[in-house]
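# Summary of the model geometry
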Amino acid sequence: MNAPELLSPAGTYKNMRYAFAYGADAVYAGQPRYSLRVRNNDFKIENLHKGIAYAHERGKQFYVASNIAPHNSKLKTYLRDMEPVIEAGPDALIMSDPGLIMMIRERWPEQVIHLSVQSNVVNYAAARFWQSQGISRIILSRELSLAEIGEIRAACPDLEIETFVHGALCIAYSGRCLLSGYFNHRDPNQGTCTNACRWKYNTVAAATDETGDLVPANSARAHAASGIWTPEQGGLIASGGGSAEMPSVPGESTATAGGVEGQDELSALIEDRTRPGELMPVHEDEHGTYIMNSKDLRAVQHVPQLTQMGVTSLKIEGRTKSAYYVARTAQVYRQAIDDAVAGRPFDIRLMDELDNLANRGYTEGFYRRHVHDEYQNYEQGNSVGVHQQFVGEVIGYDPDRGILEIDVKNRFEVGDGMELMLPGGNRRFTLEHIENKRGESVATAPGSGHVVKIPVPGEPISGERIEFALLMRDLGR
């Protein structure tokens, strides 16, 4: 049985190095101007060349995302801007727009192209079409079941198939969302998504003024247009599709996010709690409110089946995540793949390991069919950690004394249960001592901005492994 490629996100050069250290076979990064991660993108052209060279020196693969849906203005500069990218020697370009694909194939016919998930391939006929256009790998839509992936694999045996196994999900068809563009004039398909689906909202009763615009129902414009009594502004919170009761108006019906009594549709205004005064229109009908907050995908339990059916690459989402996230996910999915190839049974503890990452609640997405509540998170939009907290990066090590120097990220103290995360295997221990930079014994490492030293028991750790060491503390259960 062939091992699928483990493909990790590389939003930064640092994250790329951690991904490779913890078992990734390949990484993907984006061009800031032409990928769907314009913000928080470390891979300007100099770092792109540096990153690709680093990967190739280690026998790894480096893919460059160039997968926006471009408007005309970006076509004029595209080939010029791609020249230094192609010179860097990426192993593939991840693309979605047929026009850009045509331009690349005409200019650089030997360049390998992978079809982005943004192209929404959900059947084997579409996969065959793109293969006929010279595409070597299809990144399948997230909306497919295991059975459907298997059908595509069987129908396209000589085509590389890639599928997502971990990370954030969109409320739209594999990323083709307009919420951010509608609310904030930042187009997700141009790389500037603001994750509007995950904000927390206040609902504000609305009315239509004389121009047909939605305005707060208690405003002078609404009062002048309607001539009716106006209610006080609503203040209940709608968190990513949760119930948000709309204020009632005498003589009119009462509406909730779960349905509307007595009328087909209700219009309202919503306000993100961190942006007071910026009112945005939203509509509710008998089906609910059209704001959702997706849980995060976790499909590590399906790695054995995906490996068995011959999927080429298993992909982790998260180019804006931390080095800890990249390292932890690579380590867990590396073990799952290695176990599957060796014929070992799936280790359910790997699911618990992923619980230690901050997450919005997990779902296995569409791999198996569930009730609707399994797909969306109605309780909270913020990230939550469960059993552990990332507390520091190792920045120095004295192997003779077994002392680690820690750049503290979160508070920890003497007596805490700790886990030192290392490439090739983690080490657990109870923390018995902390020293500050002056060599003084202290009970607590207060938090970010501090550097401390702690002992780690056991055999000395090799320099190559310690370079990428991360420190976690156990949380109370």
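Residues numbered from 1 in each chain as written. Predicted model: local features only at pLDDT ≥ 70, side-chain atom pairs only at ≥ 80, totals over all residues. Heavy atoms only, no water.

For the rest of this paragraph, the subject is the overall build of the chain. The helix and strand inventory of the chain stands at twelve helices and 26 strands. Each of the 477 residues in the chain was classed as buried or not, and the buried ones make up 53%. Sequence-distant contacts, at least 24 apart, represent 66% of the contacts inside the chain between residues at least 6 apart. Counting only carbon and sulfur atoms, one obtains 48% of the accessible surface of the chain, whose full area is about 21300 Å². (Helix = DSSP H or I, 4+ residues; strand = E, 2+ residues; numbered from the N terminus. Buried < 20%, exposed > 50% of the residue type's maximum accessible area, 1.4 Å probe, protein only. Contact = heavy atoms within 4.5 Å. Areas by Shrake-Rupley, 256 points an atom, 1.4 Å probe, with all protein chains shown as cover.)

Within strand β1 (residues 5–9), five of the five residues are buried, which leaves it mostly tucked inside the rest of the structure. The side-chain alternation of β1 yields two buried faces, one formed by Glu5, Leu7 and Pro9 and the other by Leu6 and Ser8. In the sheet, β1 pairs with strand β17 (residues 313–316) via three bridges, with the strands oriented parallel. Counterpart to leucine 7 in the pairing with β17 is lysine 315. Two elements, β1 and strand β2 (residues 26–30), share three bridges in a ladder whose sense is parallel. Across the sheet, the residue bridging to leucine 7 is alanine 26, located in β2. For the crossover from β1 across helix α1 (residues 13–21) to β2, the handedness is right-handed. (Pairing = 2+ DSSP bridges. Right-handed = clockwise from strand over helix to strand, strands pointing away.)

With that out of the way, let us pick up empty space enclosed by the protein. Take a probe with the size of a water molecule and roll it over the atoms, and the empty space left behind shows itself. On inspection of all chains with the given rule, the structure shows two cavities of 30 Å³ or more. The space that makes up the second largest cavity amounts to roughly 30 Å³. Residue composition of the lining of the second largest cavity, by class: three nonpolar, three polar and two charged. (1 Å grid on protein atoms, 1.4 Å probe; cavity = no way out; pocket = protein on both sides within 12 Å on 5 of 7 lines; lining within 4 Å. Points joined across faces, edges and corners; volume = space filled by probe spheres on them. Nonpolar A, V, L, I, M, F, W, Y, C, P; charged D, E, K, R; others polar.)

Here a ring pair, both rings aromatic, is described through the centre-centre distance and the interplanar angle of the planes. Counting across every chain of the model gives seven aromatic pairs. Seen from their ring centres, phenylalanine 43 and phenylalanine 62 are 5.6 Å apart, and the 75 degrees between their planes marks the pair as edge-to-face. With a gap of 19 residues between them, phenylalanine 43 in the loop between β2 and α2 (45–57) and phenylalanine 62 in strand β3 (residues 61–65) connect regions that are remote in the sequence. Within the aromatic cluster, the residues linked to one another by ring pairs are Tyr13, Phe20 and Tyr54. Sitting over the face of the ring of tyrosine 28, lysine 315 holds its NZ or CZ atom 4.3 Å from the ring centroid. For lysine 321, the ring lying beneath its charged end belongs to tyrosine 325, and the centroid distance is 5.2 Å. (Phe/Tyr/Trp six-rings, centres within 6.5 Å; stacked < 30°, edge-to-face > 60°. Lys NZ or Arg CZ within 6 Å of the ring centre and 35° of its normal.)

Packing of α1 against α2 leaves a shortest axis separation of 10 Å and a crossing angle of 10 degrees. The angle between α1 and α2 places the two elements in the roughly parallel class. Contact residues: α1 offers Tyr13, Met16, Arg17 and Phe20, while α2 offers Asn47, Lys50, Gly51, Tyr54 and Ala55. Here the contact of α1 with α2 is composed, by residue class, of five nonpolar, two polar and two charged. (Axes fitted to C-alpha atoms, helices over the stretch in contact; angles between N-to-C directions. Parallel < 35°, antiparallel > 145°, perpendicular 65-115°, else oblique.)

Moving on: the environment of valine 85. Summarising the element assignment, valine 85 is placed in helix α3 (residues 72–88). Owing to a relative accessible area of 2%, valine 85 belongs among the buried residues under this scheme. Considered as a pair, valine 85 and lysine 44 are 41 residues apart in the sequence and their alpha carbons are 9.7 Å apart. In this view, valine 85 contacts Gln31, Ile45, Leu48, Val64, Pro90 and Leu93; residues no more than four positions away in its chain are not counted.

Counting across every chain of the model gives 23 salt bridges. The partner of arginine 137 in a salt bridge is glutamate 160, and the shortest N-O contact between them spans 2.8 Å. One end of the pair, arginine 137, is in strand β6 (residues 137–139); the other, glutamate 160, is in strand β7 (residues 160–168), with 23 residues separating them in the sequence. Ionic pairing is found between glutamate 419 and arginine 328, a salt bridge with its closest N-O pair at 3.6 Å. Residue glutamate 419 is found in strand β22 (residues 417–421), and its partner arginine 328 is found in helix α10 (residues 323–342); the two are separated by 91 residues along the sequence. Overlapping salt bridges bring together Glu5, Arg137, Glu160, Glu162 and Lys315 as one network. (Salt bridge = Lys/Arg side-chain N within 4 Å of Asp/Glu carboxyl O.)

Across soluble globular proteins, nonpolar side chains show a tendency to be buried alongside one another. Core analysis: the largest hydrophobic core is formed by 92 residues, its most contacted members being Met16, Phe62, Ile138, Val300, Leu306 and Tyr333. In terms of residue count, α10 provides more of this core than any other element does, eleven residues in total. Setting aside its immediate chain neighbours within four residues, valine 300 contacts Val165, Val332, Tyr333, Ala336, Phe346, Leu350, Met351 and Leu354. Formed by 20 residues, the second largest nonpolar core is a distinct cluster that contains Val394, Met418, Ile461 and Ala469. (Core = buried A, V, L, I, M, F, W, Y, C linked by side-chain atoms within 4.5 Å.)

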